[in-house]
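Below are the chains, spelled out letter by letter.
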Protein chains: 4
Amino acid sequence: MSTERLVKCDFMPRKDGDVTRNRILQIAEKLFSEKGYDGAGVNEIALLAGVNKATIYYHFKDKQDIIVSLFHNIMEEVDAHQQLQADKQKAEGSIRSKIKNEILFLETKKKILAVILMESLKDNKDDTLFFCAKTIMYQEIGNSEIKDKKVREAFSMHEFFTGFLPLISFVVYREKWCRYFNCSETTALNVFLDVFEKTHLNTHIIK
Amino acid sequence: MSTERLVKCDFMPRKDGDVTRNRILQIAEKLFSEKGYDGAGVNEIALLAGVNKATIYYHFKDKQDIIVSLFHNIMEEVDAHQQLQADKQKAEGSIRSKIKNEILFLETKKKILAVILMESLKDNKDDTLFFCAKTIMYQEIGNSEIKDKKVREAFSMHEFFTGFLPLISFVVYREKWCRYFNCSETTALNVFLDVFEKTHLNTHIIK
Amino acid sequence: MSTERLVKCDFMPRKDGDVTRNRILQIAEKLFSEKGYDGAGVNEIALLAGVNKATIYYHFKDKQDIIVSLFHNIMEEVDAHQQLQADKQKAEGSIRSKIKNEILFLETKKKILAVILMESLKDNKDDTLFFCAKTIMYQEIGNSEIKDKKVREAFSMHEFFTGFLPLISFVVYREKWCRYFNCSETTALNVFLDVFEKTHLNTHIIK
Amino acid sequence: MSTERLVKCDFMPRKDGDVTRNRILQIAEKLFSEKGYDGAGVNEIALLAGVNKATIYYHFKDKQDIIVSLFHNIMEEVDAHQQLQADKQKAEGSIRSKIKNEILFLETKKKILAVILMESLKDNKDDTLFFCAKTIMYQEIGNSEIKDKKVREAFSMHEFFTGFLPLISFVVYREKWCRYFNCSETTALNVFLDVFEKTHLNTHIIK
DNA sequence: CATGAATGAGATTTCATTCAT
DNA sequence: GATGAATGAAATCTCATTCAT
């Protein structure tokens, strides 16, 4: 439902309702990332979004529905982003610059990514993390094309644990890491790129 | 962990209270890892631990105190483990087998590690994750010995993002990953070791 | 009931609004009878009636106004029905067949009758139940004609507790009763008529 | 659970908890009878019972559990009462005096009986009304002894619709009825007994 | 005539915590 | 050491109602 609304409004006079809905989502994303899903209250979301508590329940079935909508949205955005990247693929420059762009893109999603990570650690059925991993990492080569089971397993493992996870971990932990290890954020980015290139990129199984 | 405490108490008048205390910690660890700290209630912990709710507040100042105790314990255990490893270091075999042992050790702590990860993602002051990272990864070389700031930064980055994080991520996500990608858990371990060797270990800055 | 309204409006400029209004009343009647007045929400009524919640407030002052309208309508209908019956009175057959017809008529009102019963049991000022009782049972003799207080009391008591209440109870409980006592609905009607004849009708004070 | 508690406490030093629990039940009974189950709030119950809202949820799983406990209790009480009556049966006097006693007993339960009636009118699975009907009315003759299906049906119908229902209706409506028809409550009882004798008792199928 | 959006008040329920025993 | 009972505060969610369009 959330999607339909958003799509519709791309070429329709956006109604007030969607503005409100999006403001709620935006605040929820922020609070969930700061306190965790269970740590952030609907009350607080309403307060910061400047709407009545009941308004939240007008736009969302329940609290779960808020996080589900956020996950739904991010999946769509990641999908759209990857499709875009796929088009530019051959034309552009070095692999390092591509990774840098990827990080810059993920940086804009870092709040929701933190939420996804937290939720993915719980004992639930949510697979958003794996969905994002697949969409973000498998662009380089269609995973389905790898026929050999063993090769495919190694590839997935490589991509997920030494590619995707370090990447988004860097995005979500950078700030805290820099604070703890007393390091500037830009230095961190460059050093990370060096390290990432050396470990993950240079060891790609396929090409 | 419960064992460890009991061992310590071998030459102290062992009270029944410690049994209860440890049962509470054990259940709390389980529930926190399944539902997150905020998602698990004191009620539920008491119920599953088979004790009265008030008993929890006899043993712990408040809910925070439970998780703090868990974090405290794990830090001690990791510390102790690393000291033990340091002793055997030279004697033993390949680096791969050392990593395997490390994983087997971490596997026994995977529930509390998941909790640490969740909590570290929030906007709080908890540094348990970084403490664990330092203790587990810096055994090889005393980090403090690296004088050059740049080298030290690169080293830390390397250790944290492409060493420690993939390692504990593998431990906490293995089950979910295998279920999602339809792969046996033992295969996963071997493949991971291959990948980890190739990416992280082979690229160690300092030997 | 909805039909009745439309008939009335045959010689009035029939607005579309009446259709909506009647659909709301019809659904409200159904929901109130299923869940009680307080148990049924305006939301639900709007949903099932296929109209916007605000539409309900266009047609009715507030929720009370819905049930008041329903009560008003049923009182009018019972009144009209009794006047009709009074005309045919002498011409027609046995008292048993008259009661049967009465039951068949009440059957069409059984939802609202259940609501009236529920509301009449509460501590409120609503007298719809007594109004219906009077209208339905006192047709036989103008109650006001009975001058003697004692006779009038006995008559009212007889009519209300052993005439009216068994009658409408049969109508509203028939289904549940048949289900619970495992009895067909037609059998139930015949047996009830036997019983009612023997108990109430044969003991009429006034002929 | 509620039962067990009560039973236990008959010969045990009644703990404070049961006092509280019973006060809650008592107030709930009052409020439910005055406003209906949905019309009465847990807040209000807590307030009048002089306990904290949370205390109610310490003693009862949820709001439903309160009404279920009430129904459970009344069923036990009715059962116990009937067993007692069965013993005295032969010794005592006229059927009229027995009915009078019955009414005086039911009078003490009239609040919960009103609640049972309200709830029984809704579309739910609750059979408390039928249970009470069976227990109260079938004492005279073991219903199960009637072999012939037709006779049994007629008997049940007779007992339920012209015996039980007028009886409890009288109990729950007496006050309102007297107010509406401007009649004293004692007169009402006597007149009702006359009417009930003539209609229901004199027409008993079996003796 | 009807609706989408919004809301204040209040509903039910849960939370971490305390205390007398 | 441990517990049953209780609680204030806050959580999630629902309610009847309003209003601009």
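Residues numbered from 1 in each chain as written. Chains lettered and ligands numbered in written order. Predicted model: local features only at pLDDT ≥ 70, side-chain atom pairs only at ≥ 80, totals over all residues. Heavy atoms only, no water.

Novice: So what's going on with the overall build of chain A? Residues and values would help.
Specialist: Looking only at helices and strands, chain A has 10 helices and 0 strands in total. Taken from the N to the C terminus, the helices and strands of chain A come in the order α-α-α-α-α-α-α-α-α-α. Here chain A holds 207 residues, and 51% of them are scored as buried. Taking as baseline every contact in chain A between residues at least 6 positions apart, the subset at least 24 positions apart corresponds to 68%. As displayed, chain A offers around 10200 Å² of accessible surface, 53% of which is attributable to carbon and sulfur atoms. (Helix = DSSP H or I, 4+ residues; strand = E, 2+ residues; numbered from the N terminus. Buried < 20%, exposed > 50% of the residue type's maximum accessible area, 1.4 Å probe, protein only. Contact = heavy atoms within 4.5 Å. Areas by Shrake-Rupley, 256 points an atom, 1.4 Å probe, with all protein chains shown as cover.)

Novice: Could you give an account of the packing of aromatic side chains, with specific residues and numbers?
Specialist: For the coordinates displayed, the defined rule picks out 56 aromatic pairs over all chains. With centroids separated by 5.5 Å and ring planes inclined at 75°, the aromatic side chains of F161(A) and F170(B) adopt a geometry described as edge-to-face. With one member in each of two chains, F161(A) in helix α9 (residues 149–181) and F170(B) in helix α9 (residues 149–181) form a pair that bridges those chains. Among the residues examined, F161(A) registers a relative accessible area of 0% and is labelled buried. Among the aromatic residues, those joined into a ring-pair cluster are F130(A), F160(A), F161(A), F164(A), F170(B), Y173(B), W177(B), Y180(B), F181(B), F192(B) and F196(B). (Phe/Tyr/Trp six-rings, centres within 6.5 Å; stacked < 30°, edge-to-face > 60°.)

Novice: Report on the confidence of the model for chain A, specifying residues and quantitative values.
Specialist: On average, residues of chain A score 86 in pLDDT, and 86% of them are at 70 or above. Within chain A, helix α7 (residues 110–121) of chain A carries the highest mean pLDDT (98), whereas helix α1 (residues 2–8) of chain A carries the lowest (34). (pLDDT = per-residue confidence, 0-100.)

Novice: Lay out the environment of C132(D) with the relevant residues and their values.
Specialist: Residues and elements named next belong to chain D. Among the secondary structure elements, C132 is positioned in helix α8 (residues 128–137). Look at C132 and you get buried, because its relative accessible area is 1%. Counting along the chain gives 56 residues from C132 to E76, while the straight-line C-alpha distance between them is 9.7 Å. Ignoring anything within four residues of it in the chain, the contact list for C132 reads I74, I116 and F164.

Novice: Describe in detail the packing of helix α9 (residues 149–181) of chain D against helix α10 (residues 185–199) of chain D, supporting the description with residues and values.
Specialist: Residue and element names in this part refer to chain D. The geometry of α9 relative to α10 is characterised by a closest axis approach of 11 Å and an angle of 160° between their N-to-C directions. It follows from the interaxial angle that α9 and α10 lie roughly antiparallel. You can see that α9 and α10 cross each other, and the crossing is right-handed. Touching T162, G163, P166, L167, F170, R174, E175 and C178 of α9 are E185, A188, L189, F192 and F196, all from α10. Among the residues forming the contact of α9 with α10, the class breakdown is 8 nonpolar, 2 polar and 3 charged. (Axes fitted to C-alpha atoms, helices over the stretch in contact; angles between N-to-C directions. Parallel < 35°, antiparallel > 145°, perpendicular 65-115°, else oblique. Left-handed = near helix turned anticlockwise from the far one by under 90°. Nonpolar A, V, L, I, M, F, W, Y, C, P; charged D, E, K, R; others polar.)

Novice: Which residues make up the relation of the copies chain D and chain C, and what values go with them?
Specialist: The transform that puts chain D on chain C rotates by 179° and translates by 0.0 Å along the axis, for an RMSD of 0.2 Å. In the structure described here, the two chain copies are related by an operation that fits a two-fold rotation axis. Relative to the rotation axis, the C-alpha of T199(D) is the closest in chain D, positioned 2.1 Å from it. A share of 100% of the interface residues of chain D reappears at the interface of chain C, consistent with the copies meeting face to face through the same patch. (Least-squares fit on C-alpha atoms with pLDDT ≥ 70 in both.)

Novice: Any chance you could break down the interface of chain D and chain C for me, citing the residues and the numbers?
Specialist: At the interface, 49 residues of chain D touch 49 residues of chain C. The junction of chain D with chain C conceals about 4600 Å² of combined surface from both sides, 73% of it contributed by carbon and sulfur atoms. Joining chain D to chain C, the criterion identifies 1 salt bridge. Across the pair D123(C) and K176(D) runs a salt bridge whose closest N-O atoms are separated by 3.9 Å. Linking chain D to chain C there are 10 residue pairs in polar contact (both at pLDDT 80 or more). Secondary-structure elements contributing two or more residues to the side of chain D that touches chain C are α2 (16–35), α7 (110–121), α8, α9 and α10 of chain D. When residues of the side of chain D that touches chain C are assigned to their parent elements, the largest contribution, 19 residues, is made by α9(D). Of the residues belonging to the side of chain D that touches chain C, the class tally is 26 nonpolar, 12 polar and 11 charged. (Buried area = accessible area lost by both parts, 1.4 Å probe. Salt bridge = Lys/Arg side-chain N within 4 Å of Asp/Glu carboxyl O. Polar contact = N/O pair within 3.5 Å; in protein donor to acceptor, adjacent residues only side chain to side chain.)

Novice: I'd like a rundown of the side chain of T135(A), residues and numbers included.
Specialist: For T135(A), the position within the fold is in helix α8 (residues 128–137). When near neighbours in sequence (up to four residues on either side) are disregarded, T135(A) contacts V78(A), D79(A) and Q82(A).

Novice: Residues and numbers for the protein's contact with DNA strand E, please.
Specialist: Close contacts around DNA strand E come from 37 residues, with T20(A), N52(A), T55(A), H59(A) and T55(C) the closest. What you see for DNA strand E is that sugar and phosphate hold 60% of its atoms within 4 Å of the protein. Take T20(A): an N or O atom from its side chain is 2.4 Å from a phosphate oxygen of DNA strand E. T55(C) is positioned with one of its side-chain polar atoms (N or O) 2.6 Å from a phosphate oxygen of DNA strand E. Here the residues of the surface near DNA strand E sort into 14 nonpolar, 13 polar and 10 charged. (Near = heavy atom within 4 Å.)

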